[in-house]
Each structure stands twice: as structure tokens, then as C-alpha cells.
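Okay, here's what each chain looks like letter by letter:
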Amino acid sequence: MTNAQLKMLWKIPDPINSEEFARRTGKTEIAVRRMIDRRQLPLVTEREVLGESGSSRRFLILWNEWCEMVYEATRDLPPERYDWKIKWLKKSKKLEKVFQRSGEQDLH
């Protein structure tokens, strides 16, 4: 694997949208939107992350900060964080096998 591929594989995106947050946590999108409306999640605007091209009205959820909030409250990492890493580990092993096979075919 190249360094660029490894960086993309292991990078946990920090600001994520509500759909991604719902997918990772198993919450419904309606529940996530209510949490956003009530400011129960660590939020930033798109403009703060993307610069002038982002909207000042659309919010992104700070995933790492949310995980830290849960950890501080429970003294345990949220299962979503742990499951997320396991899925990436499985995916990385599959990708590594694919890259190795493609590299072997090029050599023959």
C-alpha cells in the first residue's frame, strides 16, 4: 500500500454530517437533527471547516469531540468508536490482500 492509501484508510474524519453520524451511531436521522437543533452535539459550520465555499447555516458534527464527551461522561469509549475501528481493520486487511494480488499479477 502506498502512503497516500494508508493515510486515507486510517484517517477518521473529524467533522461529519448528520447522515454519517446517524450511520455510525445507529441513531435515526430525525433524532440526530433534534440533537443538532438543541445543540446537544459539538458543532461547527461548514464555513468554519471549508472556508468561504461552505455554508454558514449548515452544521457539521465534530466526531472526535463527541467521542471525548461520551468518554468523559462514562469513562468508557462509545461502542460506535470501537466498532468503527474494527470495521476499518477488516477493510484494511481486505484491501491489503487486493493490493498484494494486483502487485503479484504485475510481476508475472
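S.K.: Whenever I open this one, the sheet that holds strand S1 (residues 15–16) confuses me. Can you help?
M.R.: Think of a sheet as strands paired side by side through backbone hydrogen bonds, with each pair either parallel or antiparallel. Judged by pairing direction, the sheet is antiparallel, and its three strands sit side by side in the order S1-S3-S2 without closing on themselves. The sheet terminates laterally at S1 and strand S2 (43–45), the two strands that pair on one side only. As paired elements, S1 and strand S3 (residues 59–62) share two bridges and run antiparallel to each other. Among the inter-strand pairings, Ile-16 is bridged to a residue of S3, identified as Ile-61.

S.K.: Just checking my understanding: could you explain the pattern of salt bridges for this structure?
M.R.: A side chain with one charge can pair with a side chain of the opposite charge if their charged atoms come near. Under the counting rule described, the total for this entry stands at four salt bridges. Connected through shared salt-bridge partners, Glu-20, Arg-23 and Arg-24 make up one network.

S.K.: In this structure, what is going on with the packing of helix H2 (residues 18–25) against helix H3 (residues 29–37)? I would like to understand it.
M.R.: What describes two packed helices is the angle between their axes and the distance between those same axes. At a minimum axis distance of 9 Å, the contact between H2 and H3 shows a crossing angle of 120 degrees. When the axis of H2 is compared with that of H3, the two are oblique. As for the relative orientation of H2 and H3, their crossing is right-handed in sense. Where H2 abuts H3, its residues Ser-18, Glu-19, Phe-21 and Ala-22 lie against Glu-29, Val-32, Arg-33 and Ile-36. Tallied by class, residues from the contact of H2 with H3 come to four nonpolar, one polar and three charged.

S.K.: It is not clear to me how H2 should be interpreted in this structure. Could you clarify?
M.R.: Residues lying three or four places apart along an α-helix face the same way, a consequence of the helix completing one turn every 3.6 residues. Of all eight residues that make up H2, six are buried, and the element is covered over most of its length. Of all the residues in H2, the buried ones are Ser-18, Glu-20, Phe-21, Ala-22, Arg-24 and Thr-25. Immediately downstream of H2, the backbone of Gly-26 shows phi near 85 degrees, a positive value.

S.K.: What exactly am I supposed to notice about the environment of Glu-48 here?
M.R.: For Glu-48, the position within the fold is in helix H4 (residues 46–50). The exposure class assigned to Glu-48 is exposed, which follows from its relative accessible area of 58%. For the pair formed by Glu-48 and Leu-60, sequence separation is 12 residues and the distance between their alpha carbons is 9.5 Å. In this structure the side chain of Glu-48 is engaged in a polar contact, spanning 2.7 Å, whose partner is the backbone nitrogen of Thr-45.

Calculation notes
Residues numbered from 1 in each chain as written. Predicted model: local features only at pLDDT ≥ 70, side-chain atom pairs only at ≥ 80, totals over all residues. Heavy atoms only, no water. Pairing = 2+ DSSP bridges. Helix = DSSP H or I, 4+ residues; strand = E, 2+ residues; numbered from the N terminus. Salt bridge = Lys/Arg side-chain N within 4 Å of Asp/Glu carboxyl O. Axes fitted to C-alpha atoms, helices over the stretch in contact; angles between N-to-C directions. Parallel < 35°, antiparallel > 145°, perpendicular 65-115°, else oblique. Left-handed = near helix turned anticlockwise from the far one by under 90°. Contact = heavy atoms within 4.5 Å. Nonpolar A, V, L, I, M, F, W, Y, C, P; charged D, E, K, R; others polar. Buried < 20%, exposed > 50% of the residue type's maximum accessible area, 1.4 Å probe, protein only. Polar contact = N/O pair within 3.5 Å; in protein donor to acceptor, adjacent residues only side chain to side chain.

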